Structure formats: C-alpha cells, structure tokens
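Residues per chain, in single letters:
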Amino acid sequence: MFLVCFLLMVFSCGTSKKASVPLKPKVSNTIVFLNYKLKKLPNGNKEVEFISKKVTEGILKKGVAEATNNPENLVCIQYNKNGKALNKTIIENPLRKSLEFIDDEMRLKTKVLDLKEADFSVRMQLDPKAKYVLMKNFLEDITLIKTKINP
C-alpha cells in the first residue's frame, strides 16, 4: 500500500509537458468599403475618382471567387506607412459588363457591354498596419489613384 501511494505521489507531482500550439496570425476584424467612379478617356487611358469610404467591423467570408488575371482588370493594394504591400484584391473591369437575356426563340444569350464610365465598390479586410490603398491597372505598374485609409 505504501508503494502504491508513493508511486501516485511521484507521478502526480512530476513535471508535465505542455503542448506548444503555434499561434494563428491575428486576423483583422475590420472591413473597408471603397467606392470609386472609373472613366475611360478618349485616348484609352482610365481615370479613377474616389467617391467614399466606409470602415466597419466584420470579417469577409472565405471562398469568395476572386477575379481572374485578365489584363483589363484592376488591382487594389493595401500598403503600410513604409510602402510595403500588405495584401491585394483583384477587381474585374468595371467598364465591361456581361448581360444575360432570353431571345425571341427562348435561348439564353450573353451580350458584353463596353461602358464609358461606371461606379464600383471594393471591399477588403483592412490590415491594421495599412495606411493607404493604391488602385492600379492589373498588368501595368501605373497608379490610377491613391486613397488614404488610416491616419
């Protein structure tokens, strides 16, 4: 009996190993909505005008399909105060809209509309270190507009 009590005491008072669990990177719980107007100029260049910004709490749902790497698309990139890119979102070309309709023979048809101007919104998970956002053409490293998002 003494031996059993002694063994229980030794094993119960022994050092325990704690499993190390890697910490998940903290996900921002802030979403930023940026609203813009895009115009196609007569020379073929694009002009972007900032309309408004809304910052709210929330987390974007996972699994939302991102736009493809089409050369006509735009890319919106968040940067920190040192100019380091934090994350990006690809935006389908707002000047190109697909319209589906049923013709007179009851067949589904698609028509692509090329617009001269269009309003569009960008929503991104806001990185806490982000200070501004640059909107660029997808393939060109030409900034269309810079928007300040954090003081």
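To be clear, the structure that these remarks concern was listed above.
A quick note: this is a predicted structure, and the numbers were derived from the prediction, not measured.

Scanning the protein from terminus to terminus reveals 1 helix and 9 strands. In the protein, which comprises 151 residues, the proportion classed as buried is 28%. Here the contacts in the protein between residues at least 6 apart in sequence split such that 55% fall between residues at least 24 apart. Counting only carbon and sulfur atoms, one obtains 56% of the accessible surface of the protein, whose full area is about 11,700 Å².

This part covers the packing of aromatic side chains. This model, assessed by the stated rule, comprises 3 aromatic pairs. The aromatic ring of Tyr132 is capped on one face by Lys146, whose charged end is 4.2 Å from the ring centroid.

Take the environment of Leu126 next. You can see Leu126 is positioned in the loop between strand E7 (117-125) and strand E8 (132-137). As for Leu126 and Thr56, which are separated by 70 residues in sequence, their C-alpha atoms are 9.5 Å apart. Discounting residues that sit within four places of it in the chain, Leu126 has contacts with Ser28, Thr30, Ile31, Val32, Val55, Gln78, Ile149 and Asn150.

In this section: the sheet that holds E7. With antiparallel pairing, 3 strands are arranged side by side in an open sheet as E2-E1-E7. Two strands bound the open sheet, and with one partner strand each, they are strand E2 (46-57) and E7. Neighbour to neighbour, the strand axes of the sheet diverge by 20° on average, direction disregarded.

A few words now on the sheet that holds E8. As a general point, the strands of a sheet are linked pairwise by backbone hydrogen bonds and lie either parallel or antiparallel. Sheet architecture is open: 4 strands sit in the order E4-E3-E8-E9, paired in antiparallel fashion. Among the strands making up the open sheet, the edge pair consists of strand E4 (85-91) and strand E9 (143-148). Averaged over all adjacent pairs, the angle separating strand axes in this sheet is 20°, with direction ignored. Alignment of strand E3 (residues 74-79) against E4, held across 6 bridges, turns out to be antiparallel. What sits directly across from Val75, in E4, is Ile90.

The subject of this paragraph is the pairing of strand E5 (residues 96-102). For a regular strand, the rule is simple: side chains alternate between the two faces of the sheet. Where E5 and strand E6 (residues 108-114) come together, 7 bridges link them in antiparallel fashion. Bridge pairing in E6 places Glu100 opposite Thr110. Connecting E5 to the next strand, E6, in antiparallel fashion are 5 residues, including Met106 with a positive phi near 65°.

Rules and cut-offs
Residues numbered from 1 in each chain as written. Predicted model: local features only at pLDDT ≥ 70, side-chain atom pairs only at ≥ 80, totals over all residues. Heavy atoms only, no water. Helix = DSSP H or I, 4+ residues; strand = E, 2+ residues; numbered from the N terminus. Buried < 20%, exposed > 50% of the residue type's maximum accessible area, 1.4 Å probe, protein only. Contact = heavy atoms within 4.5 Å. Areas by Shrake-Rupley, 256 points an atom, 1.4 Å probe, with all protein chains shown as cover. Phe/Tyr/Trp six-rings, centres within 6.5 Å; stacked < 30°, edge-to-face > 60°. Lys NZ or Arg CZ within 6 Å of the ring centre and 35° of its normal. Pairing = 2+ DSSP bridges. Axes fitted to C-alpha atoms, helices over the stretch in contact; angles between N-to-C directions.

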